[in-house]
Amino acid sequence: MSDLLSRPALMAELQAALARSPAVALLGPRQVGKTTLARRFVQPGSTHYLDLEDPVVLAQMSAPMNLLSPLRGLVLIDEVQRAPEIFPVLRVLLDREATPARFLLLGSASPQLLRQGSESLAGRLAIIELGGFTLQDTGAQALSRLWWRGGFPRAFLAASDDASRRWRRDFVRLVIERDMPALGLGISLPAMQRFWAVMAHFHGQIWSAAEPARALGVNESTVRRYLDHLTQLYMVRQLQPWHANLAKRQVKAPKIYFRDSGLLHEALGIASEDALRLHGRVGASWEGFVIEQLLALAAPDQAYFWATHAGAELDLLLLKDGRRIGIEVKRSDAPTLTPSMRVAMQDLQLDALYVVYPGLRRYPLAPGIEAVPLTAALPAL
Ligand SMILES: Nc1ncnc2c1ncn2[C@@H]1O[C@H](COP(=O)(O)OP(=O)(O)O)[C@@H](O)[C@H]1O
Ligand SMILES: [Mg+2]
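Owing to the predicted nature of the structure, the values given are computational and were not obtained by experimental measurement.

1. Points about the sheet that holds strand β7 (residues 236-241)
The strands making up a sheet associate through hydrogen bonds between their backbones, and the pairing can be parallel or antiparallel.
Alright, step 1. Ordered by their spatial adjacency, nine strands build an open sheet running β6-β8-β7-β9-β10-β11-β12-β14-β13, and the pairing between neighbours is mixed. Two strands close off the open sheet at either side, each with one partner strand: β6 (205-206) and β13 (363-366).
Alright, step 2. Judged from the five bridges that link them, strand β9 (residues 302-307) and strand β10 (residues 313-320) form a sheet pairing that is antiparallel. Note on β10: the bridge partner recorded for Ala307 is Glu313.
Alright, step 3. Where helix α11 (residues 189-202) meets the sheet, it contacts β6 and β8 (255-258), and its direction lies at approximately 115° from that of β8.
Alright, step 4. Contacts from helix α17 (residues 339-347) reach β9, β10, β11 (323-329), β12 (352-357), β13 and β14 (369-373), with the element oriented near 145° to β12.

This is the structure we're talking about:
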């Protein structure tokens, strides 16, 4: 297809993983472009392309050794979460002398896949997580469209805003009606829809189960389980709190974000880019969008947020190659130094603190603290 957006950084990452590791898992939400990307490596229709959403192929997989052992070269197994029981078989196949076959696995849900896969394929499986389009894919000039429509290819590339919204609505319905029940969650459809709406209001806030439990009429541990399921389907991110070795009291619950800004906007009923700019949650939406972009682009070893009960806070703490980088997300045209930034710099012993904002100019605020446009943040990290 000629209208495909090329994703060179991702291609390079996948290529490098395939060169280094006999098995690679490409994991991410449904509809994010996994199959599209993998088709560059194995042609659909070839005997080396096994799509487990095809019932015939899935039936053949009941005898995986017979099916897989004659294959040579690169073998692609799509929607591998449908048959997690093949992981022990893959292990045997990967341990054959001279590694006659290598495997590229695609999956749309993390839980069983990761648990069983990483246990039985320990040391043999490279995992790459794939999200929607990033600024790197779309180019900086598409920033406001990417923020408003979100990064799912079909939502971002839709012919009109209306078509984009329709696609996002249908997509969420599918996740709620098909993927959530497939994870064995015993919850009615209307309750799940309510939960989705409640979660949208939590975006950018510190998790507390009391209010959603009350809204849904279930107990707090049940609501916690719902949250974990949405997290495992890559719909929601739980950013964990960082605990510095300090006398100050620090927040211990995770912060909740919708991973895709377009799905958030649809859940909040935001109908256009202009409406977004006037909406009460615009700041929270921008914060979540920037955090997802930075996590995708910087690929840190670990990521946290930090907050004390006295009010000091940091939106994002990235640990990367032994460095501690702080990020504050602002939506103003010319962010200035705040007392909280100084406290974070000192209490967390940051190597650098970047105040990421939508403007165009990079400028210093204090020693080690700099304002950086989002579109220029990557080189800074
Ligand atoms: N790089 C891309 N450029 C344009 N459209 C894309 C791109 N990647 C995926 N798409 C479109 O997005 C939709 C979902 O892609 P797909 O590869 O099937 O996702 P997944 O396998 O993750 O569910 C398809 O309609 C596909 O054509
Ligand atoms: Mg697919």
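There's more to say after this.
2. A word on the packing of aromatic side chains
Alright, step 1. Going through the model one piece at a time under the given rule, you end up with 12 aromatic pairs.
Alright, step 2. Residues Phe202 and Trp207 carry aromatic rings whose centres are separated by 5.3 Å and whose planes lie at 45° to one another, so their mutual orientation is tilted.
Alright, step 3. What links up through ring pairs into an aromatic cluster is the set Trp147, Trp286 and Phe289.
Alright, step 4. The ring of Trp148 has Arg168 sitting right over it, with the charged end atom 4.8 Å from the ring centre.

3. Quick word on helix α13 (residues 220-232)
Alright, step 1. With 13 residues, α13 extends 19 Å between its outermost C-alpha atoms, agreeing within 8% with the 18 Å of an ideal straight helix rising 1.5 Å per residue.
Alright, step 2. Among all positions of α13, only Thr222, Val223, Tyr226, Leu227, His229 and Leu230 are buried. Projected down its long axis, α13 shows its buried positions confined to an angular sector of 160°, all on one face.
Alright, step 3. Those residues of α13 that are buried are in contact with α10 (161-182), α11, α12 (210-216), β7 and β8.
Alright, step 4. With its phi angle positive at about 65°, Tyr234 sits one or two positions after the end of α13.

4. Quick look at the sheet that holds strand β2 (residues 49-51)
Alright, step 1. Across the sheet, which stays open at both edges, the five strands sit in the order β2-β3-β4-β1-β5 with parallel pairing between neighbours. Two strands lie at the open edges of the sheet, namely β2 and β5 (125-129), each paired on one side alone. Across the sheet, the axes of successive neighbouring strands diverge by a mean angle of 15°, strand direction being ignored.
Alright, step 2. Bridge count for strand β3 (residues 73-78) against strand β4 (residues 101-107) is five bridges, and the pairing is parallel. Its bridge partner being in β4, Leu76 is matched across the sheet by Leu104.
Alright, step 3. Sheet contacts for helix α5 (residues 87-94): β1 (23-27), β3 and β4; angle to β4, the most-contacted strand, approximately 155°.

Analysis parameters
Residues numbered from 1 in each chain as written. Chains lettered and ligands numbered in written order. Predicted model: local features only at pLDDT ≥ 70, side-chain atom pairs only at ≥ 80, totals over all residues. Heavy atoms only, no water. Pairing = 2+ DSSP bridges. Helix = DSSP H or I, 4+ residues; strand = E, 2+ residues; numbered from the N terminus. Contact = heavy atoms within 4.5 Å. Axes fitted to C-alpha atoms, helices over the stretch in contact; angles between N-to-C directions. Phe/Tyr/Trp six-rings, centres within 6.5 Å; stacked < 30°, edge-to-face > 60°. Lys NZ or Arg CZ within 6 Å of the ring centre and 35° of its normal. Expected span 1.5 Å × (residues − 1). Buried < 20%, exposed > 50% of the residue type's maximum accessible area, 1.4 Å probe, protein only. Arc of directions from axis to C-beta.

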